[in-house]
Each structure stands twice: as structure tokens, then as C-alpha cells.
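Letter by letter, the chains look like this.
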Amino acid sequence: MKEIIDELYEKNDLDEHRLLYLLNNIDEKSREYLTSKAHEKRLKHYGNKVYLRGIIEFTNYCKNNCLYCGIRGENKNAERYRLSLEDILDCCNSGYRLGYRTFVLQGGEDPYYTDDKLVELLKAIKTNFPDCAITLSIGEKSYDSYKKYYEAGADRYLLRHETASKKLYQRLHPNMELENRVQCLRNLKEIGYQVGAGFMVGIPGQTNEDFVEDLVFLKELQPHMVGLGPFIPHKDTIFKDEKSGTVETTVTLLAIVRMLLPDVLLPSTTALGTISPMGREKGLKAGGNVVMPNLSPTTVREKYMLYDNKICTGDEAAECRKCIENRIVSAGFSLDLSRGDNNLWSRK
Ligand code: SAH
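Residues numbered from 1 in each chain as written. Predicted model: local features only at pLDDT ≥ 70, side-chain atom pairs only at ≥ 80, totals over all residues. Heavy atoms only, no water.

Identification of the chain as [FeFe] hydrogenase H-cluster radical SAM maturase HydE from Clostridium simiarum is taken from an unreviewed UniProt entry.

Below is the structure:
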């Protein structure tokens, strides 16, 4: 095991047989070694900094029906909401005053926000907060739409591929195609965004072979960011009685991703913090270097329920920032409130 992990550390690469061997045979001791090497790698490329991004969940309307997701269009129990331009600017404002210099706008795929509305929103944010980065996470759009958002000021785009296994992807996403999603990611890269792909860990039916496909896909795509967190069941989905992904597997995969893509921006996710009280700290110690506290108004937090028991739904932005800051510092990291772009990126 040690040899394989050392090879991964030295070459920032590992063939698929060895990746599978690693995943199939990892035990507590080798996981400790793996995470310590990932931590070393992160120190080399980003020091002990953790970047903070304020996330604004601006709509939970969605036209898609991803089987695992609490805000899937057909979930009649989800109470829907949308934030207005003013609401969103208010969130940015309080975020800015708390020191945030990246705003992540995330939502379901909501046709109410036409390209014109989104362009207006992006321009308004850029005019008011010119020193901030804007990240979009609003699903699959055409090349032209992505280009309009980029020109209006969006800098980054998060679009997890969810799973690179075609079979599993198809089972989970009615009327969607893995090829489209991958094409979207390629389009975003070509336009010039900092691009985030990523996947869920522990989806019912997912195997180590599937994870190898995810890792090989990421190595090939070379995204600037990778969003990787455990699957967690949601009460209104067919997966309501299934188990969540585990901290151990999530941490293992975070560590491998840090070594495959040494310059990647790698969040330690809310989902990881939800399945275990010290989950986010464990993610940071396995190569994670980003945390995304919530800036959404507390009145809508409970409605953006992708999965059950999501944490931090009651905290005001300021409380949230303080709590997270303490935790990050206690875990031995330093907070970085700058835009925190990927080392290898600049705007074209
Ligand atoms: N509509 C946007 C944003 C989706 S929500 C898009 O298509 O990209 C953000 C992420 O939450 C998803 O990419 C998915 O990976 C994750 N997610 C959704 N349901 C989840 C669940 N039940 N457990 C864990 N993560 C979930």
C-alpha cells in the first residue's frame, strides 16, 4: 500500500488498476498515511490556508428530477422559493461586510431566471462588488448562455458530474445524459471559467469501480475545483431508507483527488459536516482547502434541503462565519478571505 501511495504522491497519477487496488484494500493505517501525504501535497501548493466562499442558495425550483435530490421537480412536499435581485444583493452585502470575496450562486435549474435576468444579476453584483469573484452553480445550459454569464462577470462554475459511470448516471437522472453534462464542463473550460466538477460518494449501488471512473475522468478533465461529498438520503426520495456515504470513503477520495490534481480547490463540504460532527475538519486534513458557509437568508435555509439533517440551517451569516472560523483555526489551518483563485487560472 505504502508504495502505491508514494507513487501517487510522486507522480500525481496512478493507473486505474492501482487506483482500484488502493480503494479495495485500504485500511485504517494506510488511510492515515494517505491523508498525511495529501496534507503534505496541499501544504506544498496552498500552504495551510483555507479559502472561504459565501454560498447563496437563490432558488429551489428545479425542472430536473435527479432521484436522490430533495428539491427535484416532482417533490410536491418541497416548499419552493426564489430570491429577488435585491434579496441576493443584500446577501452579498452582509457577506462582503463579513469579509467574503467569493459569492457562490447556487440553485435548481429554474427557467424563471432567464439569461437576461441572470446577466442583470451578475452585472449588478460585479458593479457593487468589483473585487469579488462570482461562482455560478445552476446546472446545464447552452454554450451561448455560459458565454453570456462569463461576459457579465461570472468567474467560476460548479457543475458536478455526479458520477462518471454511465450506467449509474442514467439510473439516477431521468431525461438527462452524462455526455451532455461532460460537454457542458468542456464548454465552460473553453470559455475560460474556473471549472468545478465532482461526484457524490456512497450513492446506492455505487462501487469502487465507479469511483475509479470518477477519478480517471477528473484526471483527464483537469478541473480547477472538485466538489466531492457523501450522498445523504432525503425523506421524499426513493432513497429515503438507504445509508449515507461514509466519512472514511469520502476522506479517502478527497485525499486521492488532492494528489491527482495538486492545484485543485477542494471544498470540505457541508454534506461531510452533516454525516459527522468533525467531518469538515477531517476533510481539511485530507487535502481539502475550501469551506463554503451559507449566506442565504435564514428564512429560506430550511427550504434548500438537498438531503436530510443539513447543518447550519439556523445560523445567521455572521454566526456562521464565526463558528466556521473558530473550527478552521482550531484544526490548525489559517483563514484566507481573498478571492482565492486556482493557482493556474487567470481571466481571459
Ligand atoms: N442545479 C445545480 C446545483 C445542484 S445542487 C446543478 O445541477 O449543478 C448541488 C449538489 O448537491 C449536486 O451537484 C449534488 O451533487 C448534491 N446533492 C444533491 N442531492 C444530494 C443528496 N441527497 N446527498 C448529497 N448530495 C446531494
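Looking at the overall build of the chain
Note the cut-off: Only DSSP runs of H or I reaching four residues or more are called helices, and only runs of E reaching two or more are called strands; each is numbered from the N terminus. In this description the radius of gyration comes from C-alpha coordinates, and the expected globular size is given by 2.2 Å times residues to the power 0.38. Each residue gets one of three labels from its accessible area relative to the maximum for its type: buried under 20%, exposed over 50%, partly exposed in between, using a 1.4 Å probe on protein chains only. Contacts were defined at the residue level, with two residues in contact if any of their heavy atoms lie within 4.5 Å. Note that accessible areas follow from Shrake-Rupley with a 1.4 Å probe, and for residues the cover is restricted to the protein chains shown. Positive charges come from Lys and Arg alone, negative charges from Asp and Glu alone, with His and the N- and C-terminal ends not counted. Where a charge lies is defined by one atom per residue type: Lys uses NZ, Arg uses CZ, Asp uses CG and Glu uses CD.
Along its length, the chain carries 14 helices and nine strands. For a compact globule of 348 residues, the expected C-alpha radius of gyration is about 20 Å, and the chain comes in at 19 Å, within 12% of that figure. Judged by the C-alpha coordinates and their principal axes, the chain covers about 55 × 40 × 40 Å. Sorting the 348 residues of the chain into buried and exposed places 60% on the buried side. Long-range contacts, defined as pairs at least 24 residues apart, comprise 74% of the intrachain contacts of the chain with a sequence gap of at least 6. Counting only carbon and sulfur atoms, one obtains 49% of the accessible surface of the chain, whose full area is about 14400 Å². Positive and negative charge centroids in the chain, built from 49 and 50 side chains respectively, lie 2 Å apart.

Points about a negative patch on the surface
Threshold: The residues that make up patches have over 30% relative accessible area and no salt bridge, and they are joined within 9 Å when like-charged or within 5 Å when they are Val, Leu, Ile, Met, Phe, Trp or Tyr. The working definition used for a salt bridge is a side-chain nitrogen of Lys or Arg within 4 Å of a carboxyl oxygen of Asp or Glu.
Where like charges cluster on the molecular surface, the negative patch consists of Glu 86, Asp 87, Asp 90, Asp 116 and Glu 120. The leading source of residues in the negative patch is helix α4 (residues 85-97), at three residues. Looking at the secondary structure, you find Glu 86 in helix α4. Residue class for Glu 86 comes out exposed when judged on its relative accessible area of 52%.

What to know about the nonpolar core
Heads up, the rule is: Residues belong to a common nonpolar core when they are buried Ala, Val, Leu, Ile, Met, Phe, Trp, Tyr or Cys residues joined through side-chain atoms within 4.5 Å.
Counting residues in each nonpolar core, the largest one holds 102 residues, and the members touching the most others are Ile 56, Leu 105, Ile 125 and Tyr 193. Tallying contributions element by element places helix α10 (residues 247-260) first for this core, with nine residues. Setting aside residues up to four positions removed in sequence, Ile 125 forms contacts with Ile 88, Leu 89, Cys 92, Phe 103, Leu 105 and Ile 134.

Considerations on the pattern of salt bridges
With the rule as written, the count across this model stands at 26 salt bridges. When the shortest N-O distance is used, the salt bridge between Arg 181 and Glu 140 registers 2.9 Å. Of this pair, Arg 181 sits in helix α8 (residues 178-191) while Glu 140 sits in the loop between β4 (133-137) and α6 (143-151); the two residues are 41 residues apart in sequence, bridging distant segments of the chain. Owing to a relative accessible area of 8%, Arg 181 belongs among the buried residues under this scheme. Of the residues examined, Glu 140 reaches a relative accessible area of 18% and is grouped as buried.

A word on unusual backbone geometry
Only a minority of non-glycine residues have a phi that is not negative, and only a minority of peptide bonds are not trans. Phi is positive for Gln 222, close to 55°, though the residue is something other than glycine. Examined against the element boundaries, Gln 222 turns out to sit in the loop between α9 (208-221) and β7 (225-230). By relative accessible area, Gln 222 is classed as partly exposed at 38%. The residue Asn 309 is not glycine, and still its phi comes out positive at about 60°.

Examining the environment of Asp 116
Topologically, Asp 116 is positioned in helix α5 (residues 115-128). For the pair Asp 116 and Lys 148, spaced 32 residues apart in sequence, the C-alpha to C-alpha distance is 9.1 Å.

Some thoughts on the pairing of β4
As a general feature of sheets, a regular strand has side chains that alternate between the two faces. Threshold: DSSP bridges decide pairing: two strands pair if at least two such bridges lie between them. For crossovers, right-handed means that the path from the first strand over the helix to the second runs clockwise, given strands pointing away from the viewer.
Of all five residues that make up β4, five are buried, and the element is covered over most of its length. Sheet analysis places β4 next to strand β5 (residues 156-158), joined by two bridges and oriented parallel. Its bridge partner being in β5, Leu 136 is matched across the sheet by Tyr 157. Note on the crossover from β4 through α6 to β5: the handedness is right-handed.

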